[in-house]
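Below, each chain spelled out in residue letters.
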Amino acid sequence: MRLILGSASPRRRELLAQLGLEPAEVRAPDIDETPQRGEPARDYVARMAREKAAALPCAADEVVLSADTTVTCGRRILGKPADEKEAAEFLWLLSGRRHHVMTAVAVRTTAGLRERLVDTVVRFRPLSNADVNGYLASGEWQGKAGGYAIQGRAGAFIPWIQGSFTGVVGLPLAETATLLQAAGITAGESA
Ligand SMILES: Cc1cn([C@H]2C[C@H](O)[C@@H](COP(=O)(O)OP(=O)(O)OP(=O)(O)O)O2)c(=O)[nH]c1=O
């Protein structure tokens, strides 16, 4: 089976490489990522992963892997910040409290689609003005759900997590490996 990464995210590609998997092809999904009114975060993130996988072509010898990562704080769904102002708003919201990072993974073949959702709790220490301003200046908030990346400088803000580190980065590897194996792809075998 050929592994198709249905994601434009360089992080997801790197995480797959950690499993010894290199996609035969990368196909970038282009879907509307607007949450429905009142849609619970778990439903939203699972729907996004499914819709990304479903939006891409999938031949009989192909396995399409897509994912979606969403940060939730209280009832709010924090997507990728539109600009620096919104990134600042997100960082102040997360400062000194716990939030959830949910990543849903969808694996599709012509036989059907299977998915897993991983929910990780992340705690931020209280941030100072210097923390927030320095982080905004780094630009690392761009393209990241919740406006931060745990695998970069924001690691210094995070003393504790409960769940899956790779899930927070964008692809929970234990669950992904299990889904891929069920679809006929074992680490090290893709071309
Ligand atoms: C919370 C967090 C998110 N992120 C990233 C992972 C995802 O790339 C991004 C969330 O956006 P997503 O919409 O999940 O993915 P994407 O738009 O980057 O890529 P695609 O839809 O093509 O698959 O946030 C980190 O890299 N580190 C983190 O700590």
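Naming follows an unreviewed UniProt entry, where the protein chain appears as dTTP/UTP pyrophosphatase of Rhodobacter lacus. Heading Cofactor (unreviewed entry) of the UniProt record for the protein chain holds this comment: "a divalent metal cation". UniProt's Subcellular location (unreviewed entry) comment on the protein chain is quoted here verbatim: "Cytoplasm".

At a minimum axis distance of 10 Å, the contact between helix α3 (residues 84-94) and helix α4 (residues 129-138) shows a crossing angle of 140 degrees. Relative to α4, the crossing made by α3 is right-handed. Contact residues: Glu 84, Ala 87, Ala 88, Leu 91 and Trp 92 in α3; Asn 129, Val 132, Tyr 135 and Leu 136 in α4.

So, on to the pattern of salt bridges. The final tally for this structure, using the stated rule, is 12 salt bridges. Across the pair Arg 125 and Asp 131 runs a salt bridge, and its minimum N-O distance is 2.9 Å. Arg 153 is the salt-bridge partner of Glu 140, the closest N and O atoms lying 3.5 Å from each other. One end of the pair, Glu 140, is in the loop between α4 and β7 (160-162); the other, Arg 153, is in the loop between α4 and β7, and 13 residues separate them in sequence. With a relative accessible area of 22%, Glu 140 lands in the partly exposed category. Arg 153 gets classed as exposed once you look at its relative accessible area, which sits at 51%.

A few words on the pairing of strand β6 (residues 112-123). Sheet topology note: the strand β5 (residues 98-109)/β6 ladder contains 12 bridges and is antiparallel. Bridged to His 100 within β6 is Val 121. Of the pairings in the sheet, the one linking β6 to β7 comprises 3 bridges and is antiparallel in character. Residue pairing in the sheet places Val 122 in a bridge with Ile 161 of β7.

In this structure's numbering, the residues bearing the UniProt feature "active site" (unreviewed entry) are Asp 68. Inspection of the secondary structure puts Asp 68 in strand β3 (residues 62-73). You can call Asp 68 buried: its relative accessible area is 2%. Asp 68 has contacts with Arg 12, Glu 33, Tyr 44, Val 45, Met 48, Ala 49, Lys 52, Met 102, Thr 103 and Ala 104, leaving out every residue within four places of it along the chain. A distance of 2.9 Å separates the side chain of Asp 68 from the side chain of Lys 52, its partner in a polar contact.

As a rule of thumb, nonpolar side chains are buried together in soluble globular proteins. Phe 124 and Tyr 148 are the most contacted members of the largest nonpolar core, which totals 41 residues. Of all elements in the fold, only β1 (2-5), α1 (10-18), β3, α3, β5, α4, α5 (165-169) and α6 (173-182) reach the threshold of two or more residues within this core. In this structure, Tyr 148 is in contact with Val 71, Leu 91, Leu 94, His 99, Val 101, Val 122, Phe 124, Tyr 135, Ala 154, Ile 158 and Val 168, ignoring residues within four places of it in sequence. With 7 residues, the next largest nonpolar core counts Ala 41, Met 102, Ala 104 and Ala 106 among its residues.

Let's shift gears to the environment of Glu 84. Position of Glu 84 relative to the elements: it lies in helix α3. Remark: the alpha-carbon pair of Glu 84 and Arg 27, spanning 57 residues in sequence, is separated by 28 Å. With sequence-adjacent residues up to four places away left out, Glu 84 is seen in contact with Leu 136 and Trp 141.

Conventions and cut-offs
- Residues numbered from 1 in each chain as written.
- Predicted model: local features only at pLDDT ≥ 70, side-chain atom pairs only at ≥ 80, totals over all residues.
- Heavy atoms only, no water.
- UniProt positions renumbered as here; feature names shortened; annotations may be inferred.
- Axes fitted to C-alpha atoms, helices over the stretch in contact; angles between N-to-C directions.
- Helix = DSSP H or I, 4+ residues; strand = E, 2+ residues; numbered from the N terminus.
- Left-handed = near helix turned anticlockwise from the far one by under 90°.
- Contact = heavy atoms within 4.5 Å.
- Salt bridge = Lys/Arg side-chain N within 4 Å of Asp/Glu carboxyl O.
- Buried < 20%, exposed > 50% of the residue type's maximum accessible area, 1.4 Å probe, protein only.
- Pairing = 2+ DSSP bridges.
- Polar contact = N/O pair within 3.5 Å; in protein donor to acceptor, adjacent residues only side chain to side chain.
- Core = buried A, V, L, I, M, F, W, Y, C linked by side-chain atoms within 4.5 Å.

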